[in-house]
Structure formats: C-alpha cells, structure tokens
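Residue-level structural notes
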Amino acid sequence: MATVTDLYSRIIFNSRGSETIEIDVITDGKHLGRAASPSGASVGTLECQSFPMNSPQRAIEFFEENKSKFVGVTADDPEALYSIMKEVDPSPSYSKLGGSIAYALSIASVDSAANAAHLPLFKLLNKNGPYRFPFPLGNVLGGGAHAGPGTPDIQEVLVLPIGASNIVEALKMNFKVHREVRNIIEKYDTKFTYGRGDEGAWAPSVTNDEALQITEKAIGNAGFDLGRNVAMGIDFASSSLWNDKAEKYDYSRKGNALSSGEQIDYVNNLIKSYKLLYVEDPVNEEDFSGMSLLTSANPGCFVTGDDLLVTNVSRLAIASKLNACSGAILKVNQAGSLYDALLFANGCRRDGVGIITSHRSGESTDSHIAHISIATGSKMLKTGILGGERIAKLNELLRIREYGLIEGMAEICST
Ligand code: PGA
Ligand code: ZN
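These figures come from a predicted structure and were not determined experimentally.

Concerning the pattern of salt bridges
Throughout the structure, instances matching the rule amount to 19 salt bridges. Linking Asp225 and Arg228 is a salt bridge whose minimum nitrogen-to-oxygen distance equals 3.1 Å. As a salt-bridge pair, Arg390 and Glu389 come within 3.2 Å of each other at their nearest N and O atoms. Glu389 carries the same exposure label as Arg390, and that label is buried. What you see here is one network of salt bridges that share partners, running through Arg10, Glu22, Asp24 and Arg34.

The following block contains the structure:
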C-alpha cells in the first residue's frame, strides 16, 4: 500500500496545443505517478465539466488550495481518493474541481501506486484477470468535428483487425489498411495533400459514401477480406449533426438533412452494405429509442453509445433497461475520476454491454488507457491511428506483452 505524500500540478499543452492539466502524485516520498487530462472536440452535453468556469488556471488554483486533503490517502484505492474529491467538490459533474483535475489526480495516484508496488497498472487495477488484449479500433478516414471543410460529415471511418491472432499483427493490419486508404484517396481527391485530422485519420475532400467505399477497397487491396480479417465501423458522432430546431440530422457537407427515421434507415443500410461490426453514436445523444431499434435489428454489430452514455452509470441504467446499446465507450474524463469510470465498467460487464476504452481527440502522450482497457476487460481500445500521442497508447500494449500475463485477444464476435 502506497500513501500519498506530495502533489504537484501544472498546465501543459495537449495534442491540439490547448491548455490542459497535469498532476504529479508522489507516494511514500519517492514514487512518482503522473497523468495529464485529455479533451474532446465532439463533447457530450452531459459530460463532466473539464475546468471550473472554463479556466485551467482556476482549476489549478482550486486544486492547490485543497491538495493537502489528499495527503495520507492510500493511492492504490481509487474509491478512497474519490471520497475525498467528493468532500472537496460534492457537485455531480465536478464543476468546482473540474473533470480535468479529477482525471489527472485519480490516474496519477494509481500510476504512483503501481510504481511503488512494482506492478503494471492493469494488474494493480484488476488483481485477478483474466487479462486480454483489446482489439485496436483504428480511425482511417475522417471528417466532422475532427477535420476541416470539404471532408465527410461522418466523423470517423474505423477499422478493426478481427482476424488478428495477436496484438502485433492487429496493429500492423490497421497501419496497412491506413496506408492503402491514402493510396486510394489519391484517385478520388486529386488535390489531396496527405492532410490528417486530429486523430491521424486521413482527411480528404470526399463524400461520406466515397469515404466508406475507399475504406472497403483499401481493406481488399491490403489483402484482407471485409468482415473476416478486417471489419469496418463508423463513429457518426450524430449529436454534432443533429439540428434540434429542425429535428433533423444536417449532412451539411453533403447538402441534405435526414429525419430521425431516415437516419435509422441510413444506418441500417450502411451496416448491411459494409458488414459494419461497430457503429458509435448513430443517433443523437437523447435518442435512446432509436438506439434500441438499431440494437435489436443488428445483433452482430456493436451499437455503441459515446455522447449517449457519457461514461455515466445513470445513463447506462436507462440504456440497459431499453436494450439501447451493445457497446459502450469508456472515457474516464467524461465520468471525471477513475473510480467513476470503473463503476461504469462494472455496470457494463453486469449488463453484457461490450466496453470500448477510448482516448479523446485532444490527447497527451500518456499511455494509461492501454492499462485501463485491459483492467476493465474492454473488447476494443479506440485510439485514433497515428501521431505520437496515439502511438503512445498502442506501443504500451506491446510493452505490456512482455509481462507474459495476457491470455490472447478479447472475444469480439459474440455480442
Ligand atoms: P472527441 O471525439 O474526443 O473529440 O469527443 C472522439 C469521439 O467522438 O469518439
Ligand atoms: Zn464518439
């Protein structure tokens, strides 16, 4: 057991050059744990507030005023830290402390405890296993809130190397498809300059339909069978498309708008045409009944809530009652602290909802989510594709291999 003895906080910059919070937790006077908070671009309305009054500086000031209360806490125990955070800030969405502090503090704390115990973080968080590698969910072509004008309305076209027998092969397969996607884009967008969005996915000037066709072709050109070796997925990030006044999904780059029913038909058709194994936020964040329709119509596809669930146990309870999701994105900073996120993961496992641990589009080079994905029994790890801050998580999976504790890849095809 490691005890918190010192805490330090600072503002650093994330992968978008925006300010974020980094916290150092020292246990027993010598073991450093460090974590920096990520941040989203397509943010769910019900996510935790990142900073009090939208000010990273204010978050730091509030933390510094209160940090002595965390001295003496057992760093191995996310619940103990959570209880003190709740004394300091009883608001449900960490509006005083800020979700960024809750994230960085809770993860730096277990990071330090793992160092003190000479244990990998995933083993500190889950003593007994079984441990499996999540499938890397790669973002190969994107638009929406992660890329500029002319790119597709759809935020992310994803690939999943379901035929891979180990994690090295899985990563290589995703990178191979990503490279092939670039080669094919050159035929569709003659002015393509190899531009990439926030997560490393190619960001060409192509339509939604072309984006999907390109990815399908790239999978074939890379030597893989769609749906057998490599499956496709889509993050619609539909709340970014949803126009509340008109009650329609605005595909403004394509130049049309879809009603709720038309959107569901569109998603159902895409699932069939491209044998999609994964759709994320296919309808807007309040449309639980639309999610239920899609989930029951597509038992072979992970119909996944991100902005819909915001890593929140109460939202999961609604979804589970309505059978609205077969997959759930787990983003610790949506929930606030690690303990909040672990409760959410427990709920997902209880309800038979597949967990997809996820990065944010604005990231640091931290790699803790690789460990969190294994500790929570995640089926997938969503971490973009390229860029140092994305690769950091994937390379950590390779280091984790060296402990010899992982018993193969997650079970993925039995939703
Ligand atoms: P965000 O997007 O991190 O910008 O919110 C990622 C996602 O929607 O999954
Ligand atoms: Zn999403």
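Remarks on the sheet that holds strand 4 (residues 135-142)
With mixed pairing, 8 strands are arranged side by side around a closed barrel as 4-5-6-10-11-12-13-14. Across this sheet, the average inter-strand angle for adjacent strands is 30°, counted without regard to direction. Pairing geometry for strand 4 and strand 5 (residues 156-160), over 4 bridges, is antiparallel. Bridging from a neighbouring strand, Asn139 pairs with Leu158 of strand 5. Each of strand 4 and strand 5 is contacted by helix 5 (residues 167-188), which is oriented at about 10° to strand 4, the strand it contacts most.

Quick notes on helix 3 (residues 99-117)
Because an α-helix completes one turn every 3.6 residues, residues spaced three or four positions apart along the sequence face the same direction. Relative to the 27 Å expected for 19 residues at 1.5 Å per residue, helix 3 spans 27 Å between its end C-alpha atoms, a close match to the ideal helical length. The buried fraction of helix 3 is high, at 17 of 19 residues. Positive phi shows up at His118, right after helix 3, with a value of about 55°.

A short note on the coordination of the zinc ion (ligand 2)
In this structure, Asp235 (OD), Glu280 (OE) and Asp306 (OD) serve as the protein donors to the zinc ion (ligand 2), at separations of 2.0 to 2.3 Å. Along the chain, the residues donating to the zinc ion (ligand 2) fall in the pattern D-x44-E-x25-D. Placement of the pair is Glu280 in strand 10 (residues 278-280) and Asp306 in the loop between strand 11 (302-305) and helix 10 (313-321), with a sequence separation of 26 residues. Both residues of the pair, Glu280 and Asp306, belong to the buried class.

A short note on the site of ligand 1
Around ligand 1, the structure places 14 residues, and the nearest of them are Ala41, Ser42, Arg360, Ser361 and Lys382. The separation between an oxygen atom of ligand 1 and a polar main-chain atom of Ser42 is 2.8 Å. Its free accessible area being 280 Å², ligand 1 has 100% of it covered by the protein chains. Residue contributions to the shell around ligand 1 reach at least three from each of two domains, namely domain 1 (4-119) and domain 2 (131-409).

Cut-offs used in this document
- Residues numbered from 1 in each chain as written.
- Chains lettered and ligands numbered in written order.
- Predicted model: local features only at pLDDT ≥ 70, side-chain atom pairs only at ≥ 80, totals over all residues.
- Heavy atoms only, no water.
- Salt bridge = Lys/Arg side-chain N within 4 Å of Asp/Glu carboxyl O.
- Buried < 20%, exposed > 50% of the residue type's maximum accessible area, 1.4 Å probe, protein only.
- Pairing = 2+ DSSP bridges.
- Helix = DSSP H or I, 4+ residues; strand = E, 2+ residues; numbered from the N terminus.
- Axes fitted to C-alpha atoms, helices over the stretch in contact; angles between N-to-C directions.
- Contact = heavy atoms within 4.5 Å.
- Expected span 1.5 Å × (residues − 1).
- Donors = N, O, S within 2.8 Å, 3.2 Å for Na, K, Ca; no water.
- Near = heavy atom within 4 Å.
- Polar contact = N/O pair within 3.5 Å; in protein donor to acceptor, adjacent residues only side chain to side chain.
- Areas by Shrake-Rupley, 256 points an atom, 1.4 Å probe, with all protein chains shown as cover.
- Domains from an automatic or database assignment.

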